[in-house]
Amino acid sequence: MPSARRALPSLLLCAALLAGCATPDRDPRLQPGRSNEAEVVALYGQPGRVWPEADGGRTLEYSGQPMGRHTWMVTLDAAGRLVGVIDALSPAGRARVQPGMTPEQVSRLLGRERSRVFFRNSGEDVWDWTIEPDQTGYGLRFNVHFKDGVVVRTTQSMVFPSRLFPGMDD
């Protein structure tokens, strides 16, 4: 029995750490139709941005950029009740970016970008997001290319480990 008492604090610590790893889409504490904005903010903090919805609701943006691989969009109805949660950087979320979209429309879909780089020769402004790696295991970035203020195309690029600075990608 004494060894069980000594193990209890360790078990409680592990449970607390695992609970801290919950994501809004899988968090059992969040229930569509029941949970409200105050509960979401209490669990996940203040959102990076809040987007108004046409029906009077709001979407709370929780971006993990630059190092994270997800952007959680938490949708609330006009009464502030949870409607749903999506990962904007999932393959389906990225597929919604289409040629002709404006930077604001892309931000609204994908959340805050990791970086922006302007390429003078092509005249393109390229925004990127860190996303889940594919089967190769190398890091990936999703890139949105803008020209003259609209999307012209999207690409993906691999991120190889740095030989000079282990642990530092790019």
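Quick note: structure is the one above.
Predicted, not measured: the structure shown is a model, and the values here were computed from it.

The rules behind each value
- Residues numbered from 1 in each chain as written.
- Predicted model: local features only at pLDDT ≥ 70, side-chain atom pairs only at ≥ 80, totals over all residues.
- Heavy atoms only, no water.
- Pairing = 2+ DSSP bridges.
- Helix = DSSP H or I, 4+ residues; strand = E, 2+ residues; numbered from the N terminus.
- Axes fitted to C-alpha atoms, helices over the stretch in contact; angles between N-to-C directions.
- Contact = heavy atoms within 4.5 Å.
- Core = buried A, V, L, I, M, F, W, Y, C linked by side-chain atoms within 4.5 Å.
- Buried < 20%, exposed > 50% of the residue type's maximum accessible area, 1.4 Å probe, protein only.

Describing the sheet that holds strand E8 (residues 150-159)
- The 4 strands are arranged E5-E6-E7-E8 in an open sheet whose pairing can be described as antiparallel. Of all strands in the sheet, those bounded by a partner on one side alone are strand E5 (115-119) and E8. Across the sheet, the mean angle separating the axes of adjacent strands is 25° when strand polarity is ignored.
- Note that strand E6 (residues 124-131) and strand E7 (residues 139-147) share 7 bridges and pair antiparallel. Within E7, the position partnered with Trp127 by the bridge is Val144.
- Here helix H4 (residues 103-110) sits on the sheet and contacts E6, E7 and E8; the angle it forms with E7, its principal contact strand, is near 155°.

Details of the nonpolar core
- The biggest cluster of nonpolar side chains holds 14 residues, and the ones touching the most others in it are Val97, Val106, Leu110, Trp129, Phe142, Val144 and Val151.
- Looking at this core, the elements that each hand over two or more residues are H4, E6 and E7.
- The greatest single-element share of this core, amounting to 4 residues, is contributed by E7.
- Other than its neighbours up to four places away in sequence, Phe142 contacts Arg94, Val97, Leu110, Trp127, Asp128, Trp129, Ile131, Thr154, Thr155 and Gln156.
- In this structure, Val40, Trp72, Leu76 and Leu82 belong to the second largest nonpolar core, which totals 8 residues.

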